[in-house]
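Observations on chain architecture
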Amino acid sequence: MVKICCIGAGYVGGPTMAMIALKCPEIEVAVVDISAPRIAAWNSDQLPIYEPGLDEVVKECRDRNLFFSTNVEKHVAEADIIFVSVNTPTKTRGLGAGKAADLTYWESAARMIADVAKSDKIVVEKSTVPVKTAEAIEKILTHNSNGIKFQILSNPEFLAEGTAIDDLRAPDRVLIGGRETPEGRKAVQALKEVYAHWVPEDRIITTNLWSAELSKLAANAFLAQRISSINAMSALCEATGANVSEVAYAVGKDSRIGPKFLNASVGFGGSCFQKDILNLVYICECNGLPEVANYWKQVIKINDYQKSRFVNRVVSSMFNTVSGKKIAVLGFAFKKDTGDTRETPAIDVCKGLLGDKASISIYDPQVTEDQIQRDLAMNKFDWDHPIHMQPVSPTTVKQVSVTWDAYEAAKGAHGVCILTEWDEFKKLDYERIYDSMQKPAFIFDGRNVVDAEKLREIGFIVYSIGKPLDQWLKDMPAVC
Ligand SMILES: NC(=O)C1=CN([C@@H]2O[C@H](COP(=O)(O)OP(=O)(O)OC[C@H]3O[C@@H](n4cnc5c(N)ncnc54)[C@H](O)[C@@H]3O)[C@@H](O)[C@H]2O)C=CC1
Ligand SMILES: O=C(O)[C@H]1O[C@H](OP(=O)(O)OP(=O)(O)OC[C@H]2O[C@@H](n3ccc(=O)[nH]c3=O)[C@H](O)[C@@H]2O)[C@H](O)[C@@H](O)[C@@H]1O
């Protein structure tokens, strides 16, 4: 029986291994992690991450051929194929701080593999890593190998949170990079056979190691670039009276451009886009390509601009101050259908409003008060380290309250900011919300989810990203 072990039971390791276990009943899959609470949650009815459809898959395979364990060394020693899906956060100090990927967790996993391995292994990079990481990993493994042979493969993951199970069940492609040697090709074939259980062969792409590593960074950069492109257009739409949804539709109808990923927003978030582009920028700089680095840096700059532009709109619309005013924030996760808040634009928007002394009341159907307080108190990039490396009890931010109900959040508020596109925000009783708010009552829709015209009929002053502005907003000072 083939044995697979995955180091890292997070948003990627958990769902990807659950899908492999589901589709390959004859393969034994162990997912291991240094975080005991995370493993305990994977073994309970309350999984550590919220992902539609995940519960069913885990329930079907757990304790059949899918196991979650903290006994990292045992499962690594027994495995034929080891996936490494640990954190690769942005470095916070030292060389490359604020840009380069921090490979501490990867390196410690590689050293542990070398220490405990007693048979030949295929080691698979599942984490997103800088191009050429496989070379460094190979060095760590072979220098400590005691004669055991390792083949390193790059098999980056393309799933998106909120749709992870569908993405894994029917991926656009599976990418496997390996060494162009007989042993390398054999290892690629072995991993290909795992995916071939359910992925059509023409969707399994094989490349050299460096192409696979770089393709992952390139794919995320291209996706983020589309969002920054439409967000840049949204600012111009507001200035000219064009409507960003109409522009996106017209542009996306060109089959060379395509309709997806053209939703203007308050900015992209999530654990990866910013981190991976910063990493790409760093790699370009290290390779003497400052022009290329600057090109990609601009994607992040526009994203930061979009978030601060939103905050400026809120403040300037409300007579240039939100000091002492209650602002309801609907949605804190970085997108709908996930409880993940890593790098969510809501953090920057809330911090911006708090900087102007607002008092904020937040509601998100999947994010806990503890998580929100941690996010607002934590330093940039700290969030992407394993939980045990994060500050134990960051101070709570006093002007922030968290409710479990959108109506409660909006009660007595001067303004409502919609920061995540949860479906339920489309169906709220906005008459009831309007009646409970201070007047004039404002809605700032950072996701274009509400029907602005209907809300205007109720009496709200509405701002929607990239849409023609209310007269009220036009009369306010220009937003830079
Ligand atoms: N979140 C996402 O949607 C996607 C993430 N990725 C990449 O996958 C990698 C993992 O991301 P996530 O799963 O989101 O992170 P995560 O933070 O949810 O999970 C990583 C896990 O690794 C564990 N870990 C760290 N060092 C360890 C060690 N030495 N031994 C055992 N366990 C260890 C941590 O405790 C944590 O539970 C990152 O490189 C990320 O860029 C790629 C595609 C999608
Ligand atoms: O490497 C990763 O981590 C993953 O990053 C993204 O997935 P994810 O971050 O989970 O979610 P997305 O759906 O890409 O959304 C990212 C952010 O962009 C925003 N977004 C997305 C699409 C859009 O049109 N407009 C927009 O503002 C979302 O609201 C969200 O804040 C990629 O889509 C995945 O392919 C990739 O595997």
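- Looking up the protein in an unreviewed UniProt entry gives the name UDP-glucose 6-dehydrogenase, with the organism given as Rhynchospora tenuis.
- Quoted verbatim from the Function (unreviewed entry) field of the UniProt record, the comment on the protein reads "Involved in the biosynthesis of UDP-glucuronic acid (UDP-GlcA), providing nucleotide sugars for cell-wall polymers."

Overview of the overall build of the protein
- Within the protein, the regular secondary structure consists of 18 helices and 14 strands.
- Taking all contacts inside the protein whose residues are at least 6 apart in sequence as the whole, residues at least 24 apart take part in 76%.
- For the protein, the computed accessible surface area is about 20800 Å², with 52% contributed by carbon and sulfur atoms.
- The averaged location of the 62 negative side-chain charges in the protein is 3 Å from the averaged location of its 55 positive side-chain charges.

Details of the side chain of Asn 65
- In this fold, Asn 65 is placed in the loop between helix 3 (54-61) and strand 3 (66-69).
- Residue classification places Asn 65 among the buried positions, given a relative accessible area of 1%.
- Only 3.1 Å separates the side chain of Asn 65 from the backbone oxygen of Cys 24, close enough to count as a polar contact.
- Setting aside residues up to four positions removed in sequence, Asn 65 forms contacts with Ala 21, Cys 24, Pro 25, Ile 27, Glu 28 and Val 29.

Points about helix 10 (residues 244-252)
- All of the buried residues in helix 10 are Val 244, Ala 248 and Gly 252. In an axial view of helix 10, the angular spread of the buried residues amounts to 60°, which keeps them on one side of the axis. Opposite its buried face, helix 10 presents the exposed residues Glu 246, Tyr 249 and Ala 250, each directed more than 90 degrees away.
- Against helix 9 (209-240) lie the buried residues of helix 10.

Section: the site of ligand 1
- Ligand 1 sits among 25 residues. The nearest are Asp 33, Arg 38, Thr 88, Glu 161 and Lys 275.
- Contact distances for ligand 1 include 3.0 Å between an oxygen atom and a backbone N or O atom of Tyr 11.
- Note that an oxygen atom of ligand 1 is positioned 2.6 Å from one of the side-chain N or O atoms of Lys 275.
- Within the complex, the protein chains bury 94% of what would otherwise be the 830 Å² of accessible surface of ligand 1.
- Considered class by class, the residues forming the shell around ligand 1 number nine nonpolar, nine polar and seven charged.

A look at the pairing of strand 12 (residues 415-418)
- Burial of strand 12 is two-sided: the residues Gly 415 and Cys 417 facing one way and the residues Val 416 and Ile 418 facing the other way are all buried.
- Looking at chain direction, strand 9 (residues 326-330) and strand 12 are connected through four bridges and run parallel. Its bridge partner being in strand 12, Leu 330 is matched across the sheet by Ile 418.
- Relative to strand 13 (residues 442-445), strand 12 runs parallel, the two being bridged by four bridges. Along strand 13, the bridge assignment pairs Gly 415 with Phe 442.
- As a crossover connection, the stretch from strand 12 through helix 16 (residues 430-436) into strand 13 is right-handed.

Topic: the sheet that holds strand 14 (residues 461-464)
- Strand order in the open sheet made by the six strands is 11-10-9-12-13-14, with parallel pairing throughout. Unpaired on one side and paired on the other, strand 11 (400-403) and strand 14 mark the two borders of the sheet. Here the strands of the sheet are splayed against their neighbours by 20° on average, with no regard to which way each runs.
- Sheet topology note: the strand 9/strand 10 (residues 359-363) ladder contains five bridges and is parallel. By the bridge assignment, Leu 330 is partnered in strand 10 with Tyr 363.
- The sheet contacts of helix 13 (residues 345-355) involve strand 9, strand 10, strand 11 and strand 12, and relative to strand 10 the element is tilted by about 155°.
- Here helix 14 (residues 369-377) sits on the sheet and contacts strand 10 and strand 11; the angle it forms with strand 11, its principal contact strand, is near 155°.

Observations concerning the site of ligand 2
- Phe 158, Leu 159, Ser 265, Cys 272 and Arg 447 are the nearest of the 20 residues found near ligand 2.
- Lys 216 places a side-chain nitrogen or oxygen 2.8 Å from an oxygen atom of ligand 2.
- One nitrogen or oxygen atom from the side chain of Ser 265 is found 2.6 Å from an oxygen atom belonging to ligand 2.
- Contact with the protein chains removes 90% of the 700 Å² of surface that ligand 2 exposes when unbound.
- With four residues, helix 9 is the single largest residue contributor to the shell around ligand 2.

Regarding the pattern of salt bridges
- Taken as a whole and judged by the stated rule, the model has 23 salt bridges.
- Note that Arg 456 is salt-bridged to Asp 470, the shortest N-O span being 2.3 Å. Taken as a pair, Arg 456 in helix 17 (residues 452-458) and Asp 470 in the loop between strand 14 and helix 18 (471-474) lie far apart in primary sequence, 14 residues in all.
- What emerges from the salt-bridge pattern is a single network uniting Lys 3, Lys 74 and Glu 78.

Focus on the state of the cysteines
- Enumeration according to the criterion identifies zero disulfides in this entry.
- In this structure Cys 5 is a free cysteine whose sulfur lies 7.0 Å from that of Cys 6, the closest cysteine sulfur available.

Analysis parameters
- Residues numbered from 1 in each chain as written.
- Chains lettered and ligands numbered in written order.
- Predicted model: local features only at pLDDT ≥ 70, side-chain atom pairs only at ≥ 80, totals over all residues.
- Heavy atoms only, no water.
- UniProt positions renumbered as here; feature names shortened; annotations may be inferred.
- Helix = DSSP H or I, 4+ residues; strand = E, 2+ residues; numbered from the N terminus.
- Contact = heavy atoms within 4.5 Å.
- Areas by Shrake-Rupley, 256 points an atom, 1.4 Å probe, with all protein chains shown as cover.
- Lys, Arg positive; Asp, Glu negative; His and termini not counted.
- Charge placed at Lys NZ, Arg CZ, Asp CG, Glu CD.
- Buried < 20%, exposed > 50% of the residue type's maximum accessible area, 1.4 Å probe, protein only.
- Polar contact = N/O pair within 3.5 Å; in protein donor to acceptor, adjacent residues only side chain to side chain.
- Arc of directions from axis to C-beta.
- Near = heavy atom within 4 Å.
- Nonpolar A, V, L, I, M, F, W, Y, C, P; charged D, E, K, R; others polar.
- Pairing = 2+ DSSP bridges.
- Right-handed = clockwise from strand over helix to strand, strands pointing away.
- Axes fitted to C-alpha atoms, helices over the stretch in contact; angles between N-to-C directions.
- Salt bridge = Lys/Arg side-chain N within 4 Å of Asp/Glu carboxyl O.
- Disulfide = S-S within 2.5 Å.

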